[in-house]
Amino acid sequence: MGAPLSAWPWENFGIYKYVLYGPFVAKVVYEWLYNEEHSYYNLSWCLHLLTLSALRGLIHVLWASYSHMFFLTRNRRILQQGVDFNQIDKEWDWDNFLILQTLVASMACYMFPFLQYLPLWNAKGLIVALILHVGISEPLYYWVHRKFHGDYLFTHYHSLHHSSPIPESFTAGHATLLEHLILTLVIGIPILGASLMGYGSASLVYAYVLIFDFLRCLGHCNVEIVPHQLFQKFPFLRYVIYTPTYHNLHHSDKDTNFCLFMPLFDALGNTLNQKSWQSHKILSSGSGNGDTVPHFVFLAHIVDVSSSIHVQFVLRSFASLPYTTRLFLVPCLPVAFLVLLAMWVWSKTFLVSFYYLRGKLHQMWVVPRCGFQKTKVHARSMILSYIQPSINYQKLLVTNLLLNESLNGGGKLFVDKHPNLRVRVVHGNTLTAAVILNEIPQDVKEVFLTGATSKLGRAIALYLCQKKVKVLMLTLSTDRFQRIQKEAPLEYQSYLVQVTKYQAAQNCKSWIVGKWITPREQYWAPRGTHFHQFVVPPILSIRRDCTYGDLAAMRLPEDVEGLGCCEYTMDRGVVHACHAGGVVHSLEGWSHHEVGAIDVNRIDLVWEAALKHGLRPVSTFTH
């Protein structure tokens, strides 16, 4: 059992904790239906509390979104590590304090009924609230905060807040019930004090609370946005308002920088960190981190409009789970579509996520184009806009191109164009082929292959025929089939068989799907068939008497650091096999490019290298 008031009363409610807002909603609806006059003075105080709670939550979400816009913030990030799944899960219920303070505010409205009828505006109230904040709230918070860093209080209460390695706006709300009760008092003193003096107003409540949350999020955003020139021109301001760097030093050096928003109280209490101003100057100028060169880049494109929302800078919690269609996405789609239109016109390739693996920086960059937009002109211009600056990098960069083979020859276009390219271009599909092939049971003697003449289909067919597995290659092009057949050793060519109809596979229970097939075509498969897949999007799982494999994927090694987002529909820590192929190439330190056709003779080598470095295959079978 924990210390008193260390746990939240509704911590086991899950999503049902929001039912606590129910009475407020019911009162608003009731008064709206039965009040004849709908003016400001007849607005329910419950509606104000609900609106304020929603706005406060939005402030935290927007700050988190900004922190994850790495294409804007990477040079001014204070801590370079990423926010991992563990921190995201710990901070999942960051908004508990919003429910608490809404309930406390409702009790205050019943205890002091005049709060229900505050005027819209009173300028004197703002001045009084500012005086009460500086004179009472700031020193009270400073004193209490120092006490919470004592042994008992820190161990049983405040250590929860400091357990987040990378401060973010959600970290501001991640604390115990006791701490937020005290913070509620700190917030309430200026508002209630001004109201008791007769200077209260609705504008004061909204302004003070929203600015309070804004500054709290500012201090925890892990991005330095306050220009150091401001403090150079007006030196006294450094004691009036803190900065993200200032508060970050408190999280790293827990014995300094205790203030709420005003470093003046740290100066008076002799707890001001001496590195505060110099660190702020370095980070705000963008010179503290520089433009860190990644060791590996996975270059991807947008799948469709709805999945474009599945990124950390939109909603961190949603991006930390495998992508599925959710109801809340529907109202977001028009906005997402408009943003994509703007990106198609003005945006270039940009950084969307990153992680560290064995001390090396791995990044994912996105081309602002959807899969259905793969025209040669667009694809080449966007890729070249990324690859050209990479030639000048002093460090090694591995690039994985998740693009159509017909557009760039699996990366061969860029290698031929830049023979002295310092970047190693890797399509990663050798490992994709290896994952698919290792899913096939060793006792299988016959497979049916669609997409048989594609880059992956060719490699799979040539590999299997050399294992004396009969491959029924579905293709209408005899010329393409014969070219692939001639690549096989003479003694194995008879294992490659061209078929032109799905009926040819009605007795084959191993289907390898590289081209999308309709539900009707699936019914040619016999009962008990397993569908292996390398087609995007995956085929529909409609046969209950069959099993379906997921897209080829591998789980990253356990020592991956700072990974906090899922790659499309993949589970946490799992990436597409082509992504994993680039990772293996990087870890092995191979100096060659992997472009063009897949080298069948290297499939086993790449597979063994992946297992050696701790990557594990992920096979998901669904009925």
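Residues numbered from 1 in each chain as written. Predicted model: local features only at pLDDT ≥ 70, side-chain atom pairs only at ≥ 80, totals over all residues. Heavy atoms only, no water.

Novice: Would you explain the environment of glutamate 608 in this entry?
Specialist: Tracing the backbone shows glutamate 608 in helix α25 (residues 603-612). Distance in space between the C-alpha atoms of glutamate 608 and valine 584 is 10.0 Å, their sequence separation being 24 residues. (Helix = DSSP H or I, 4+ residues; strand = E, 2+ residues; numbered from the N terminus.)

Novice: So what exactly am I meant to see when it comes to the layout of surface pockets here?
Specialist: Using a probe with the size of a water molecule, rolled over the atoms, empty space left in the structure can be pinpointed. Put simply, the second largest pocket is a space of about 820 Å³. What lines the second largest pocket is a set of 33 residues, and nearest its centre among them are Leu49, Ala105, Leu115, Ile191 and Val205. At the level of secondary structure, the elements contributing two or more residues to the lining of the second largest pocket comprise α2 (45-67), α5 (96-111), α9 (177-196) and α10 (202-220). Examining the composition of the lining of the second largest pocket, we find that 8 residues originate from one element, α5, more than from any other. Here the residues of the lining of the second largest pocket sort into 25 nonpolar, 7 polar and 1 charged. (1 Å grid on protein atoms, 1.4 Å probe; cavity = no way out; pocket = protein on both sides within 12 Å on 5 of 7 lines; lining within 4 Å. Points joined across faces, edges and corners; volume = space filled by probe spheres on them. Nonpolar A, V, L, I, M, F, W, Y, C, P; charged D, E, K, R; others polar.)

Novice: It is not clear to me how helix α21 (residues 455-465) should be interpreted in this structure. Could you clarify?
Specialist: Residues spaced three or four apart along an α-helix point in a common direction, a consequence of the helix completing one turn every 3.6 residues. For α21, a buried count of 11 out of 11 residues is recorded, marking the element as mostly surrounded by other parts of the structure. Buried within α21 are the following residues: Lys455, Leu456, Gly457, Arg458, Ala459, Ile460, Ala461, Leu462, Tyr463, Leu464 and Cys465. (Buried < 20%, exposed > 50% of the residue type's maximum accessible area, 1.4 Å probe, protein only.)

Novice: I would appreciate a short explanation of the pattern of salt bridges in the present structure.
Specialist: Side-chain pairs of opposite charge can arise whenever the charged atoms involved come near each other. Applying the stated criterion across every chain, the model contains 13 salt bridges. The partner of glutamate 168 in a salt bridge is arginine 316, and the shortest N-O contact between them spans 2.8 Å. On the criterion of sequence distance, the pair formed by glutamate 168 in the loop between α7 (151-162) and α8 (169-173) and arginine 316 in helix α15 (residues 316-319) is long-range, its members being 148 residues apart. Exposure remark for arginine 316: the relative accessible area of 4% places this residue in the buried category. Salt bridges sharing common partners tie together Lys17, Asp93 and Asp95. (Salt bridge = Lys/Arg side-chain N within 4 Å of Asp/Glu carboxyl O.)

Novice: Sorry, what's going on with the packing of helix α1 (residues 22-34) against α2 here?
Specialist: Pairs of packed helices are described in terms of their axes, by the angle between the two and the distance that separates them. Where α1 contacts α2, the two axes come as close as 8 Å, and the packing angle between them is 130°. For the element pair α1 / α2, the angle class is oblique. Seen from above, α1 lies across α2 with left-handed handedness. Mapping the contact onto sequence places Phe24, Val25, Lys27 and Val28 in α1 and Trp45, Cys46, Leu47, Leu49 and Leu50 in α2. (Axes fitted to C-alpha atoms, helices over the stretch in contact; angles between N-to-C directions. Parallel < 35°, antiparallel > 145°, perpendicular 65-115°, else oblique. Left-handed = near helix turned anticlockwise from the far one by under 90°. Contact = heavy atoms within 4.5 Å.)

Novice: I would appreciate a short explanation of the pairing of strand β2 (residues 350-357) in the present structure.
Specialist: A regular strand places its side chains so that they alternate between the two faces of the sheet. When you tally the buried positions in β2, you get 8 out of 8 residues, the bulk of the element. Here β2 runs beside strand β3 (residues 360-370); their pairing, made up of 7 bridges, is antiparallel. Bridging from a neighbouring strand, phenylalanine 350 pairs with valine 366 of β3. Linkage of β2 to β3, two consecutive antiparallel strands, is achieved through a turn of 2 residues, within which arginine 358 is found at a positive phi near 55°. Pairing of β2 with strand β13 (residues 560-561), which is carried by 2 bridges, proceeds in the antiparallel orientation. (Pairing = 2+ DSSP bridges.)

Novice: Looking at this structure, I do not really get the UniProt feature "transmembrane region" (unreviewed entry) in the protein chain. What am I missing?
Specialist: Those residues carrying the UniProt feature "transmembrane region" (unreviewed entry) are residues 15-33, 45-66, 98-118, 125-144, 181-209 and 327-346 in this numbering. Helix makes up 100% of residues 125-144 and strand 0%. Its end C-alpha atoms lie 26 Å apart. (UniProt positions renumbered as here; feature names shortened; annotations may be inferred.)

Novice: Explanation requested: the sheet that holds strand β15 (residues 616-617) in the structure shown.
Specialist: Hydrogen bonds along the backbone pair up the strands of a sheet, which may run parallel or antiparallel. Reading across the sheet, the 3 strands line up as β14-β12-β15 and stay open at both edges, with antiparallel pairing between neighbours. A single partner strand is all that each edge strand has here, and the edge strands are β14 (574-576) and β15. Two elements, strand β12 (residues 553-555) and β14, share 3 bridges in a ladder whose sense is antiparallel. Across the sheet, residue methionine 554 finds its bridge partner in β14, namely valine 575.

Novice: Mind showing me how you'd approach empty space enclosed by the protein here?
Specialist: Under the counting rule described, the total for this entry stands at 6 cavities of 30 Å³ or more. What the largest cavity holds in volume is close to 230 Å³. Forming the walls of the largest cavity are 18 residues, and the residues nearest its centre are Tyr141, His158, Glu179, Leu183 and Arg216. The element contributing the most residues to the lining of the largest cavity is α9, with 5 residues. Residues of the lining of the largest cavity, tallied by class, amount to 8 nonpolar, 8 polar and 2 charged.

Novice: How should the packing of aromatic side chains be read in this particular structure?
Specialist: Centre distance and the angle of the planes are the two values used to describe a pair of aromatic rings. Following the criterion strictly, the structure yields 30 aromatic pairs and no others. With a centroid separation of 6.5 Å and an interplanar angle of 65°, the aromatic rings of phenylalanine 313 and phenylalanine 350 are classed as edge-to-face. Of the two residues, phenylalanine 313 is situated in the loop between β1 (296-302) and α15 and phenylalanine 350 in strand β2; the sequence distance between them amounts to 37 residues. An identical accessibility class is assigned to phenylalanine 313 and phenylalanine 350; each is buried. Pairing tyrosine 502 with tryptophan 511 gives two aromatic rings, centres 6.2 Å apart and planes at 20°, and the pair type is stacked. Residues tyrosine 502 and tryptophan 511 agree in their burial class; the two are buried. Through a chain of ring-to-ring contacts, three or more aromatic side chains come together here, namely Phe448, Tyr502, Trp511, Phe531 and Tyr548. The lysine or arginine in question, arginine 238, covers the ring of tryptophan 277, its NZ or CZ lying 5.2 Å from the ring centre. (Phe/Tyr/Trp six-rings, centres within 6.5 Å; stacked < 30°, edge-to-face > 60°. Lys NZ or Arg CZ within 6 Å of the ring centre and 35° of its normal.)

Novice: Is there a simple way to think about the nonpolar core in this case?
Specialist: Membership of the largest hydrophobic core comes to 74 residues, with the highest contact counts inside it found for Leu431, Leu464, Leu496, Ile512 and Ile603. Per-element tally for this core: the top contributor is α21, with 8 residues. Contact partners of leucine 464, with chain neighbours within four places excluded, come to Leu437, Ile440, Val447, Val469, Val471 and Ile512. Among the nonpolar cores identified, the runner-up in size contains 50 residues, and Trp63, Ala64, Leu115 and Tyr141 belong to it. (Core = buried A, V, L, I, M, F, W, Y, C linked by side-chain atoms within 4.5 Å.)

Novice: For this particular structure, what's the right way to read helix α24 (residues 577-588)?
Specialist: Along its 12 residues, α24 runs 16 Å from first to last C-alpha, staying within 8% of the 16 Å computed at 1.5 Å per residue. Most of α24 is tucked away: 11 of the 12 residues are buried. Trailing α24 by a residue or two, glycine 589 shows a phi angle of about 75°, which is positive. (Expected span 1.5 Å × (residues − 1).)

Novice: How do you make sense of the environment of glycine 193 when you look at a structure like this?
Specialist: The topology assignment puts glycine 193 in helix α9. Separated by 61 residues in the primary sequence, glycine 193 and leucine 132 have C-alpha atoms spaced 7.5 Å apart.

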